[in-house]
Amino acid sequence: MSEPVKVAVWDVPIRLFHWLLVGLIGFSFYAVKSGHVVWHIYSGLAILSLLIFRLLWGLVGSSTARFATFVAGPERVLGYLRDKSSWAAAGHSPLGALSVLALLGALLVQVGLGLFAVDEDGLNEGPLAHFISVDKADLMRGIHGAWFFVVAALIVLHVGAIVYYRLFQKQKLTKAMITGRKALEPGVAPMRPGKWWVAVICLIAGIAVTRWIIAGVPPFGG
Amino acid sequence: MRKTIVAAAAVIALVACSKQNQTRVSAPAPASATVSGAKAKSVMHERSDGMKKVGKAMKILGAQIKSGAPDMTAVKAAAAAMDGLARKSSAWFPAGTGPDAGKTRAKAEIWLKPQDFAAKVKGFQTAAANFNAAAQTGNAATATASLGELGKSCKACHDNYRSDEHR
Ligand code: HEM
């Protein structure tokens, strides 16, 4: 076995997305627990823009960002679990891919429920809450709050896996998500970067869709 | 950190308490006498029930106003209900219905700063009456303009005198 070489694995948009998401999830939680529901809603809407950006970048972005590259079926996941050396590529491992999908999906549900939720006192609500009855919007808040346990559990699993890889597999995954580079076996193809202006378009699309939702999804709403 | 905050809060509460004890002599007699036992329980129940109704009225108002095209019949009904509840709310906080008396989110500070608290109740009653008057005109723009003040009156009280939902 020859010496591993450091190659690019995560592009700038992915890294920015990742750390902004971490910050905003933390902030959302802090804001709602300290009674700043307005900040909470703005922060949640920012998360929504980021999620839409990520879905689009997953279609047209850098190779390691694309769902088509990293999403693996059960066979590949099991194969990877049996023999970790069966997989060597830049980007998410077949198991990591599951974690990514679960987190993105759970966050979409979290934000989606929040859009319809009204706060306890009726002072602030998600931009789509007035489309449903007051009682349903109350229920949405309840489910939205309870769903956070699912998100939190996935985050714990995600961080736990990273700690495991650090301790037992000697892989510095966090550092890779900061610097964008990781030591891989020679010969493994590095990330094929996407175009920066495509990333900008994805972000603009994410913000635009969010603004459309804030406006009450015209012309369907009002 | 937490301990420091708790300790600081306790000190502040003590200081506030001693100040109030000095002023209470000259303060006007409290609106309602101290209650206990079953009477306290029933007031606390009525209070929680009342606040739930206040919350429901507020949500109806918020949903209507924010829909952009409010159903003014629903707005008028909720505004009148809110006004009625606000008037009743002065009777919801007799001494003896604090956290020592049972499960409640009403903070002990309510009875440590009776004058400030009474001002919050008054602010709520004024805002609810003004909003009701605006709503009964049937003009959506007029009603919309005075909903904000009503909302602020809830927050002004809750921020200081209501504890968190999950404890
Ligand atoms: C990933 C992003 C989000 C997270 C992690 C999150 C988390 C939470 C949590 C933990 C609560 C407390 C629930 C409770 O106390 O029962 C909450 C409440 C709430 N959230 Fe979110 N939320 C997010 C996004 C959103 C979005 C996008 C909106 C709306 C646009 C929203 C609107 C609300 C509302 C209205 C409440 C009720 C606040 C109250 O009871 O006073 N949330 N959220």
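Residues numbered from 1 in each chain as written. Chains lettered and ligands numbered in written order. Predicted model: local features only at pLDDT ≥ 70, side-chain atom pairs only at ≥ 80, totals over all residues. Heavy atoms only, no water.

## Focus on the overall build of chain B
Broken down by element type, chain B carries six helices and zero strands. Secondary structure of chain B in N-to-C order comes out as α-α-α-α-α-α. For chain B, the proportion of its 167 residues judged to be buried stands at 35%. Summarising the internal contacts of chain B: among those between residues at least 6 apart in sequence, 78% fall at separations of at least 24. (Helix = DSSP H or I, 4+ residues; strand = E, 2+ residues; numbered from the N terminus. Buried < 20%, exposed > 50% of the residue type's maximum accessible area, 1.4 Å probe, protein only. Contact = heavy atoms within 4.5 Å.)

## Notes on the interface of chain B and chain A
In this complex, chain B contributes 18 residues to the contact, which on the side of chain A involves 14 residues. Approximately 1,300 Å² of surface area, both sides summed, lies buried where chain B meets chain A, with 48% of it carried by carbon and sulfur atoms. The interface formed by chain B and chain A includes six salt bridges. Note that Asp138 of chain A is salt-bridged to Lys59 of chain B, the shortest N-O span being 2.9 Å. At the junction of chain B with chain A, the criterion picks out eight residue pairs in polar contact (both at pLDDT 80 or more). (Buried area = accessible area lost by both parts, 1.4 Å probe. Salt bridge = Lys/Arg side-chain N within 4 Å of Asp/Glu carboxyl O. Polar contact = N/O pair within 3.5 Å; in protein donor to acceptor, adjacent residues only side chain to side chain.)

## Structural notes on the confidence of the model for chain B
Model confidence for chain B is summarised by a mean pLDDT of 85, while 79% of its residues fall at 70 or above. Scoring of the predicted complex yields 0.87 for pTM and 0.81 for ipTM. (pLDDT = per-residue confidence, 0-100.)

## Examining unusual backbone geometry
Residue and element names in this part refer to chain A. Here Pro218 and Pro219 are connected by a cis peptide whose omega angle stands at 5 degrees. Inspection of the secondary structure assignment puts Pro219 in the segment after helix 8 (196-214). Residues other than glycine seldom take positive phi values, yet Lys170 does so here, at roughly 55 degrees. Among the structural elements, Lys170 can be located in the loop between helix 6 (134-168) and helix 7 (173-179). For Val217, which is not a glycine, the phi torsion comes out positive at approximately 40 degrees. With respect to the helices, strands and loops of the structure, Val217 is situated in the segment after helix 8.

## Quick word on the packing of aromatic side chains
Taken as a whole, this structure holds twelve aromatic pairs over all chains when the rule is applied. Relative to Phe117 of chain B, the ring of Phe93 of chain B lies with its centre 4.7 Å away and its plane at 75 degrees, an arrangement referred to as edge-to-face. Residue Phe93 of chain B is located in the loop between helix 3 (72-88) and helix 4 (109-112), and its partner Phe117 of chain B is located in helix 5 (residues 114-136); the two are separated by 24 residues in the primary sequence. Phe117 of chain B carries the same exposure label as Phe93 of chain B, and that label is buried. Over the ring of Tyr80 of chain A we find Lys84 of chain A, and its NZ or CZ is 5.8 Å from the ring centre. (Phe/Tyr/Trp six-rings, centres within 6.5 Å; stacked < 30°, edge-to-face > 60°. Lys NZ or Arg CZ within 6 Å of the ring centre and 35° of its normal.)

## Here's the deal with a positive patch on the surface
Residue and element names in this part refer to chain A. A contiguous patch of positive charge, built from Lys6, Arg166, Lys170, Lys172, Lys175 and Arg181, is present on the exposed surface. Mapped onto the elements of the fold, Lys6 is located in strand 1 (residues 5-8). Exposure remark for Lys6: the relative accessible area of 46% places this residue in the partly exposed category. (Patch = residues over 30% accessible without salt bridge, like charges linked within 9 Å, V, L, I, M, F, W, Y side chains within 5 Å. Areas by Shrake-Rupley, 256 points an atom, 1.4 Å probe, with all protein chains shown as cover. Lys, Arg positive; Asp, Glu negative; His and termini not counted. Charge placed at Lys NZ, Arg CZ, Asp CG, Glu CD.)

## Remarks on the environment of Leu51 of chain A
Residues and elements named next belong to chain A. Tracing the sequence through the fold places Leu51 in helix 2 (residues 37-60). We classify Leu51 as buried; its relative accessible area is 1%. Spatially, the C-alpha atom of Leu51 lies 9.5 Å from that of Gly105, the residues being 54 residues apart in sequence. In this view, Leu51 contacts Phe17, Leu104, Leu107, Leu108 and Val111; residues no more than four positions away in its chain are not counted.

## Side note on helix 8 of chain A
All names here are of chain A. Counted at 1.5 Å a residue, the expected span for helix 8 with its 19 residues is 27 Å, and the 27 Å between its end C-alpha atoms agrees. Buried residues in helix 8 make contact with helix 1 (12-33), helix 2 and helix 5 (94-115). Just downstream of helix 8, Gly216 is the residue with a positive phi angle, here 85 degrees. (Expected span 1.5 Å × (residues − 1).)

## A word on the coordination of the iron atom of the ligand
Residues and elements named next belong to chain A. Those protein atoms acting as donors to the iron atom of the ligand are His40 (NE2) and His144 (NE2), and they sit at 1.8 to 2.0 Å. Coordination at the iron atom of the ligand is octahedral: its six donor atoms span angles of 81 to 179 degrees at the metal. One end of the pair, His40, is in helix 2; the other, His144, is in helix 6, and 104 residues separate them in sequence. Here the two residues His40 and His144 agree in accessibility, since each one is buried. (Donors = N, O, S within 2.8 Å, 3.2 Å for Na, K, Ca; no water. Tetrahedral: all angles 85-135°; square planar, octahedral: opposite > 155°, others 65-115°.)

## Focus on the pattern of salt bridges
Oppositely charged side chains can pair when the atoms bearing their charge come close. All names here are of chain B. Scanning the model with the defined rule gives eleven salt bridges over all chains in all. Residue Arg87 is joined to Asp83 by a salt bridge in which the shortest nitrogen-to-oxygen separation is 3.0 Å. Pair noted here: Arg87 and Asp83 are both in helix 3, with a separation of four residues, about one helical turn. We classify Asp83 as buried; its relative accessible area is 8%. Note that Lys120 and Asp116 form a salt bridge whose closest N and O atoms lie 3.2 Å from each other.

## Topic: the packing of helix 4 (residues 74-82) of chain A against helix 5 of chain A
All names here are of chain A. The geometry of helix 4 relative to helix 5 is characterised by a closest axis approach of 8 Å and an angle of 125 degrees between their N-to-C directions. Put simply, helix 4 runs oblique to helix 5. Residues Arg76, Val77, Tyr80 and Leu81 of helix 4 lie in contact with helix 5, whose contacting residues are Pro94, Leu95 and Leu98. Taken together, the residues of the contact of helix 4 with helix 5 break down into six nonpolar, no polar and one charged. (Axes fitted to C-alpha atoms, helices over the stretch in contact; angles between N-to-C directions. Parallel < 35°, antiparallel > 145°, perpendicular 65-115°, else oblique. Nonpolar A, V, L, I, M, F, W, Y, C, P; charged D, E, K, R; others polar.)

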